[in-house]
Amino acid sequence: MHARLALTLNFHRHALACCAVLMLAVGCSDAATDTGAGANAYGAGFGGFGDGAVFGGDGLGGVGGADGNGGRSTDAAGRGNDAGGRAGTGCEFDPSPLPGEPGSPCTENDDCDSAICVEGAEGKLCSRTCTTCCPSGFVCSAWSKEDTQFICMPRLAALCRPCAADEECAAINEGALCVPYGSDGAFCGGSCDDDGDCPLEYACEMAKGSKGEAKQCVRTQGQCTCSAKSTAEGAATVCAVSNEFGVCPGMRTCTAAGLGACDATPAAAEVCNGKDDDCDGQTDEGVGGGEPCKIQNGFGTCTGSTICSEGNVVCDGPEPAEETCNGKDDDCDGQTDEDFLDLDQDGKADCVDDDLDGDGVANPADCAPNDASVHPGAVETCNNKDDNCDGQTDEAGATNCTTYFADVDKDGFGDPQKSACLCKANEIFVSAAAGDCNDVVATIAPGAAELCDNGDNDCDGQTDEGFEKGAACDSGIGACKSFGTMVCSGDGKSVVCSAGSGQGGAEVCNGKDDDCNGQTDEGFGVGTPCVSGQGVCAKTGQTVCGAGGQAICDAVPGTGSAEKCDGLDNDCNGITDEGCDDDNDGYCDKGMPFVNSLACPKGQGDCDDQDGNVRPGAPETCNNKDDDCDGSVDSFIEDCSNGCGKGERTCNAGKWGACSAPTPKCTSGACCDGCNFKPATTKCGSSPTKTEYQCSGACGGDVVKYETWAYCSGGASSCGTSNLKKQSAGVVKDCTTGQLCQASGSTYSCKACSGGCSGSTCSQQPQYTICIDPQFGGASVGACHNGACTKDLNLDIAKKLQAFLNADTANTMGGGNWKVVMTRTGDTDPAISSRVATCNNAGSHRVISIAVNAYTSTAAKGIETYFYKSTSQGFCNTLHNEIVARTGFYNRGVKTTAGYSIIKNVSSPYACFPAPGFLSNSTDAAKLKDSNFRNEIARAMLYGIQKNFGYGAFNP
């Protein structure tokens, strides 16, 4: 609110309050209290206010009433120097207002006694607040949407103003429309309910504006003229000029002499000039002529017709061009494609001919459109063509075919019962010669050598001709000799005696032919390799004959040792790695010697190998067990609450300690809310007036919260006390040994010192170099499946890990201090020797070579991690387990290999080759293609590096 308006309104409230008091005694006359020439009584309107009461403090100046004797006192005592004052005239403004009075002209608020200068029909004028009523033609409304003061506003300030659109009128008076008045133009109306709302010569009627329709004050007599204000503002309205050619719109603008003439250009006959001459909304219509015309150039002459284009008469037609093979007369000489080849001489150039070879079949349906002998329906002939366009060439039964026979045994002679007429032999019918009497055995065919096998080998109809079978014969030596006849030999090339050796004794391992078969110690494997002993005790030797005629191994078994977790049977009892992982949770018993992860894929460290729920990384529960095998039993804390706030409780020896949450100070009652005493009044509030935090130690220690309460009066048991009361809310932060305890006023923190802390400062943290090797790059893509390539995924994961390590270095609140080295940062493929040199020259403490996996089988999935040096296994186990935990990848285990040069040849003793996911597996690929998922792979690698250096997992 303006300062001057505020002063006026305060004066009104003073005057009205005075009236309220004095009416009981003197009927609101100010004669008893004002020594100035005051009025006898308050009239229907206020003629003016004396300044005495406000500035002099001696009395209320005269307030003009209906009789005009209000007085205009200006001195301190309130005695008026205007004997009569100015007469009040009810709601109406004075017809001859003095400067500053309502109705007088103004340019700004300070020009008015009321500090209210508003827009009127003839310009700005002073107004006032609507204490009781407003003059005719004014309405009591808010000065603006932001101001809640109501003043007398001119209701029809826009009335009769020339206009072109409703918006012009509504901007001056809300609801006013731009009402058309025939050829005179359009003028602003004003919102009304009935004729009483409108001036003389106006009626309240429904009227249409440029867009809207509503009841408006519409002029019934005379014409609207230009006011001084409309002239100054250049107000204008629409108009039109008509003649025999059309009607053209224009504008009439207010001038000192009134509305000017219509500025529209008269309509004229349409000509070719790019203009709408007859004002019908079209340009150059119906002109141009359409007469024949010629278009000539070096290629020939074409005929067109005249048209009007862009204001000029031009010849519209084809442009002569060099003749091309397109089925058109390009050079307008009456011939089409006359210079191009027409093989079938049908009058159509080949480039547009739909049957090039003239065989009666359209090109799209003809498999050889340039060969008239080839088309659908032609006779198939052995000519290496698809004569009938059926998709087959020289199929069986074609003209001029040859009979071929099946030759299964490929001996050159076919089975006479199986044949086909073909243009050439195929994989089944391969022989042109028949006569094979057995097409399964290749040695049986016409002309083959006859064998003694009870068969017709040469297909001549005779069996075993040329062999003397049936003659008497004998076989064997001495007691083993026996008699028989000549029979076919086993190879069929000769005959042999059917008699076998005589019956000898049973063969035993003794260096003799006991069974008279010409062989010695057969069936005992003498001289063959053999193994004696089990596990690591097994020794290799040869089989020899021992005592009692039995075969034995001549090797002597080795001596076993205590069982170790290495995938071997060290104690030679036939059982491998017994005692390493009795509860089958994947972790080896920490009491067993541990060599590698062949026995336990998750590593060593199981502190209770009889309980599968107890293992490294298992969730710690309050059960008096070291569930996660970290050497600590039940020493952990969890949040708790007792209804009056939050706290913590500690598990020890399988039992929970007391909750540190604030305990109730009272029971529920008039002075208690169930947890704390209520204050006596609302002035004290129901919350602590002050909170502060204190540390119990600089390096490590607890942060304790203290709260100060204020009570109004009385004792605590009777709703409050006048003294301040400080109470501890308990430990709110437990800083570990490696953290600085920092507390000041209402803030606290536990700053993590990765290098430890001393006194009140963090110790210097050592820097470690991490070398990251994204596999493949450049032309070496690795493998591409499911819309992605491994080289790109490897580089993205490497860059994300680099960003995490750099952020960890920058954040001193936890984690480590890292120097990151990359073997490549773009789409390049450095040689393996270059990658190794990059890591070695940097003196890398850890090396990670990243390669997303792929395989020919789409079923392969999950993550596997490789190492070469035994010193790397622990680091690789930690890195691998973190990736499995954060990504949910199928766990394929940590494996040793000599196949990857980068982890074999770097000088760092700690080098790993993680292969996260198979891009060839659709499920793994969907995850790997998600940038957020690759972010989690990199974050897991960060945690693995941190843990391997002894830091807690920290997300920077």
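Whatever comes next refers back to the structure up there.
Not measured: the values here are computed from a predicted model.

J.: Account for the sheet that holds strand E42 (residues 911-916), with residues named and values stated.
T.: Across a sheet, paired strands are connected by hydrogen bonds in the backbone, their directions being either parallel or antiparallel. Sheet architecture is open: six strands sit in the order E38-E35-E39-E42-E40-E41, paired in mixed fashion. In this open sheet, the two edge strands, each paired with only one partner strand, are strand E38 (817-822) and strand E41 (891-896). Here the average twist between neighbouring strands, direction ignored, is 20 degrees. With six bridges joining them, strand E35 (residues 767-774) and E38 adopt parallel strand pairing. The partner of Tyr768 across the bridge, within E38, is Trp818. Sitting on the sheet, helix H7 (residues 873-887) touches strand E39 (846-850), strand E40 (863-867), E41 and E42, and the angle it makes with E40 is about 170 degrees. Against the sheet, helix H10 (residues 931-948) contacts E35, E38, E39 and E42, and its axis sits at roughly 160 degrees relative to E39.

J.: For the pattern of salt bridges, give the residues involved together with the corresponding values.
T.: Throughout the structure, instances matching the rule amount to 17 salt bridges. Across the pair Lys800 and Asp796 runs a salt bridge whose closest N-O atoms are separated by 3.7 Å. Taken together, the residues Lys800 and Asp796, both in helix H5 (residues 790-810) and four residues apart, mark about one turn of the helix. Judged by its relative accessible area of 15%, Lys800 is buried. According to the relative accessible area criterion, Asp796 is partly exposed, its value standing at 23%.

J.: Give a description of the nonpolar core that names residues and reports values.
T.: Ile772, Leu801, Leu805, Met941 and Ile945 are the most contacted members of the largest nonpolar core, which has 38 residues in total. When contributions to this core are tallied by element, the ones reaching two or more residues are E35, H5, E38, E39, E40, H7, helix H9 (922-928) and H10. If one sorts the elements of this core by residue count, H10 sits on top with eight residues. Once you skip the residues sitting within four places of it in the chain, Met941 turns out to touch Ile797, Leu801, Ile850, Leu879, Ile883 and Pro914.

J.: Tell me what's going on with the packing of aromatic side chains, and back it up with residues and numbers.
T.: Here the distance between the centres and the angle between the planes together describe a pair of aromatic rings. Under the counting rule described, the total for this entry stands at 10 aromatic pairs. Taken together, a centroid distance of 5.4 Å and an interplanar angle of 85 degrees make the contact between Phe889 and Phe933 edge-to-face. Residue Phe889 is located in the loop between H7 and E41, and its partner Phe933 is located in helix H10; the two are separated by 44 residues in the primary sequence. Under the relative-accessibility criterion, Phe889 is labelled buried at 4%. Judged by relative accessible area, Phe933 falls into the buried class, the value being 14%. In this structure an aromatic cluster arises from ring pairing among Tyr768, Trp818, Phe949 and Tyr951. Positioned above the aromatic ring of Trp656 is the side chain of Arg649, whose terminal nitrogen or guanidinium carbon lies 4.1 Å from the ring centre. Over the aromatic face of Tyr910 sits the side chain of Arg846, whose NZ or CZ is 4.1 Å from the ring centroid.

Definitions and cut-offs
Residues numbered from 1 in each chain as written. Predicted model: local features only at pLDDT ≥ 70, side-chain atom pairs only at ≥ 80, totals over all residues. Heavy atoms only, no water. Pairing = 2+ DSSP bridges. Helix = DSSP H or I, 4+ residues; strand = E, 2+ residues; numbered from the N terminus. Axes fitted to C-alpha atoms, helices over the stretch in contact; angles between N-to-C directions. Contact = heavy atoms within 4.5 Å. Salt bridge = Lys/Arg side-chain N within 4 Å of Asp/Glu carboxyl O. Buried < 20%, exposed > 50% of the residue type's maximum accessible area, 1.4 Å probe, protein only. Core = buried A, V, L, I, M, F, W, Y, C linked by side-chain atoms within 4.5 Å. Phe/Tyr/Trp six-rings, centres within 6.5 Å; stacked < 30°, edge-to-face > 60°. Lys NZ or Arg CZ within 6 Å of the ring centre and 35° of its normal.

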